[in-house]
Amino acid sequence: MTIRLTDLSEYVKEVYNDYISVYEHENHFRVTNGSAAMYGDIRIVNNRIHIKGERYGKKIDSKYELSREGLRDALSELGL
């Protein structure tokens, strides 16, 4: 089964909808809790999840396995 970016954003909306907002763009989606100091841009690069963002001053730039578990790990860097 191929995991697409839309699959990842839909999963985030279902599981984290009480905590964060999802903003979909052409080649990534952004998750945020509404604060400019906490956001993550999520892309698929070379069959891996790439998250780049910031959590209250800490820069985030990491890659994870392309799976729901990998997405959960990426979101945990944002404190989710």
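See the structure shown above.
The following paragraphs examine the structure supplied in this document. Throughout, a residue's number is its position along its own chain's written sequence, starting from 1. Totals for whole chains, interfaces and linings use every residue, but because this is a predicted model, local features are given only for residues with pLDDT of at least 70 and side-chain atom pairs only at 80 or more, for both listing and counting. Only hydrogens and water are removed before side-chain values are computed, so all heavy atoms of the structure are retained for them.

## Regarding the pairing of strand β1 (residues 21-24)
In step 1: Direction of pairing for β1 relative to strand β2 (residues 29-32): antiparallel, over a ladder of four bridges. For Val-22, the partnering residue across the bridge sits in β2 and is Val-31.
In step 2: Should DSSP find at least two bridges between two strands, the strands are taken to pair. In DSSP terms, a helix is any run of H or I states spanning at least four residues, a strand is any run of E spanning at least two, and both are numbered starting from the N terminus. Where β1 folds back on β2, the antiparallel hairpin that results is connected by four residues.

## Observations concerning the pattern of salt bridges
A side chain with one charge may pair with a side chain of the opposite charge, provided their charged atoms come close.
In step 1: A carboxyl oxygen of Asp or Glu within 4 Å of a side-chain nitrogen of Lys or Arg is what we treat as a salt bridge. The full count for this structure, using the stated rule, is six salt bridges.
In step 2: Ionic pairing is found between Lys-13 and Glu-24, a salt bridge with its closest N-O pair at 2.7 Å. Taken together, the positions of Lys-13 in helix α1 (residues 5-16) and Glu-24 in strand β1 put the pair 11 residues apart, joining distant regions of the chain.
In step 3: Relative accessibility under 20% of the residue-type maximum defines a buried residue, over 50% an exposed one, and the middle range a partly exposed one, all with a 1.4 Å probe and only protein chains included. The exposure class assigned to Glu-24 is partly exposed, which follows from its relative accessible area of 44%.
In step 4: Linking Arg-72 and Glu-69 is a salt bridge whose minimum nitrogen-to-oxygen distance equals 3.5 Å. On the criterion of helical spacing, the pair formed by Arg-72 and Glu-69 is a turn pair, its members being three residues apart in helix α2 (residues 68-76).

## Some remarks on the sheet that holds strand β3 (residues 38-45)
In step 1: The sheet built from five strands is open, its strands ordered β1-β2-β3-β4-β5 with antiparallel pairing. The open sheet has two edge strands, β1 and β5 (58-65), and neither has a second partner. Averaged over all pairs of adjacent strands, the angle between strand axes in this sheet comes to 20 degrees, irrespective of strand direction.
In step 2: Contacts are residue-level and defined by heavy atoms, with any inter-residue pair within 4.5 Å sufficient. Orientation is described by lines fitted to C-alpha atoms, with helices fitted over the stretch in contact, and by angles between N-to-C directions that extend from 0 to 180 degrees. Contacts from α1 reach β1, β2, β3 and β4 (48-55), with the element oriented near 160 degrees to β1.

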